[in-house]
Amino acid sequence: MSPAGNKNDIRVTTGSSGPADIAGLGQESWASILTPRLAQFAAVARHEHITRAAQELGVPQSSLSRAMARLEEDLRVALLARHGRAVSLTPAGRSFARAVERALGEVERSAEVVRTDADPATGKVAFGFLHTMGPETVPALIREFRADHPRVRFSLVQSYGEDMMERMREGELDLCLTSPIPDAPDLVTRRLALQRLRLVVPADHRLASRRRVRLAEAAEEVFVTLEPGYGLRKLTERLCAQAGFAPRVAFEGEEAETLRGLVAAGLGVALLPPPTVPRPGVRELSVTSPPAVREIGVAWLAGHPDTAPVAAFKAFLLSRRDRVLAGSPSSEAVDAAGTATGAADSGDGSGTGDGSGGTGA
């Protein structure tokens with residue numbers, strides 16, 4: 001005698017089933033019950049003949065007949081009118097057959113998409129990057145990569161770091177170029193470059209004749225910055241705190257070049273990476289203290305298997321360590337021997353992040 005089961009247990013047997021077997025199933029369980037039989041029903045509906053459908057599917061005619069009977073029994077709807085081995089669709093069967101064909105067609109299309117995206121030669125890489133990486137750095141990287149992988153496709157997202165991390169977690173991105181380098185247990189990160197930031201001031205500013213300044217000399221200035229949540233905003237606040245003050249913010253934006261334009265208009269000063277092209281009306285000053293440097297790195301989900309094109313692009317980016325900004329003549333990447341590098345570099349890039357906890361712009 002078998003032990004008594006919990007009265008809330010739901011059992012779906014592999015033998016003949018009746019309405020009692022599925023009476024307790026929730027709506028979310030229909031797919032798991034029906035999916036194995038949909039292709040069988042679609043073949044029967046196309047041929048309106050059990051034997052010919054069984055031959056197409058490569059299954060015994062008797063097994064297919066039983067499967068169709070079980071399908072009708074589970075649904076409690078007559079889908080087929082039987083005339084010996086020939087069948088015809090009932091109105092409910094015809095409606096169900098149209099829905100099944102659409103569903104199977106979508107599965108076929110989705111399977112083809114994922115197979116195509118994973119193809120080593122023609123697959124797709126979903127790549128995110130910061131706004132400040134967009135004008136020169138990312139186009140140069142993709143152009144160089146496609147010299148050896150000319151048919152690989154890219155799905156690109158330009159955003160701030162926290163948004164890109166969430167998109168990776170949701171499966172929308174394969175990897176991203178970000179700053180500061182995030183520190184999260186579900187991410188793997190590698191540092192690719194260090195980049196000096198400049199104090200950008202209007203051309204007629206009291207500091208405009210200088211080449212180098214200490215950040216503390218801007219303590220009384222009004223700043224224009226990126227919005228809260230952007231990595232460059234967090235870095236600006238951190239550097240100002242190290243210099244002994246909290247920045248007074250006159251404007252918060254989303255684009256570094258917009259901020260540079262507002263500086264030229266006299267609205268304030270800003271800490272920014274070097275421009276893609278020189279902008280008139282501003283002066284770009286080196287910051288000597290504290291070292292105004294940001295880390296740029298690549299991040300991806302830990303334990304997430306890569307398709308062939310994603311693996312190839314990831315290897316390409318890692319091979320560009322300390323040269324990832326070379327696509328922009330004015331990027332001013334910090335070389336390994338520079339004093340700013342020594343002050344800001346807390347690791348060898350082989351770990352996961354710098355402990356800053358922020359993600360960037």
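Residues numbered from 1 in each chain as written. Predicted model: local features only at pLDDT ≥ 70, side-chain atom pairs only at ≥ 80, totals over all residues. Heavy atoms only, no water.

1. A few points about the sheet that holds strand E3 (residues 124-129)
Stage number 1. A sheet is described by the order of its strands in space; here five strands give the open sequence E4-E3-E5-E13-E6, paired in mixed fashion. Among the strands making up the open sheet, the edge pair consists of strand E4 (153-158) and strand E6 (187-196). Across this sheet, the average inter-strand angle for adjacent strands is 20 degrees, counted without regard to direction.
Stage number 2. Pairing analysis gives three bridges linking strand E5 (residues 175-178) to strand E13 (residues 293-301), with the strands arranged antiparallel. Bridged to Cys176 within E13 is Ala299. (Pairing = 2+ DSSP bridges. Helix = DSSP H or I, 4+ residues; strand = E, 2+ residues; numbered from the N terminus. Axes fitted to C-alpha atoms, helices over the stretch in contact; angles between N-to-C directions.)

2. Concerning the pairing of strand E10 (residues 248-253)
Stage number 1. Of the pairings in the sheet, the one linking strand E9 (residues 222-226) to E10 comprises five bridges and is parallel in character. Across the sheet, Val222 pairs through a bridge with Arg248, a residue of E10.
Stage number 2. Between E9 and its parallel partner E10, the chain crosses via helix H8 (residues 231-242), and the hand of that crossover is right-handed. (Right-handed = clockwise from strand over helix to strand, strands pointing away.)

3. Brief notes about the pattern of salt bridges
Two side chains of opposite charge can pair, provided their charged atoms sit close to one another.
Stage number 1. For the structure shown, the criterion picks out 21 salt bridges.
Stage number 2. Two residues, Glu257 and Arg260, come together in a salt bridge whose shortest N-O distance is 2.7 Å. Placement of the pair is Glu257 and Arg260 together in helix H9 (residues 256-264), with a separation of three residues, close to one helical turn.
Stage number 3. Note that Asp306 is salt-bridged to Lys314, the shortest N-O span being 2.6 Å.
Stage number 4. Given a relative accessible area of 9%, Lys314 falls into the buried group.
Stage number 5. Bridged by salt links that share partners, the residues Arg198, Glu257, Arg260 and Glu284 form one connected network. (Salt bridge = Lys/Arg side-chain N within 4 Å of Asp/Glu carboxyl O. Buried < 20%, exposed > 50% of the residue type's maximum accessible area, 1.4 Å probe, protein only.)

4. Concerning the sheet that holds strand E11 (residues 270-272)
Stage number 1. Taken together, the four strands give an open sheet; going across it, the order is E8-E12-E7-E11, and neighbouring strands pair in mixed fashion. The outermost strands of the open sheet, each flanked by one partner alone, are strand E8 (212-214) and E11. Strand-to-strand twist of the sheet, defined as the mean angle between neighbouring strand axes without regard to direction, takes the value 45 degrees.
Stage number 2. Pairing of E8 with strand E12 (residues 282-289) involves three bridges; the strand directions are parallel. Along E12, the bridge assignment pairs Val213 with Val287.

On their own, these measurements won't tell you what the molecule is for.
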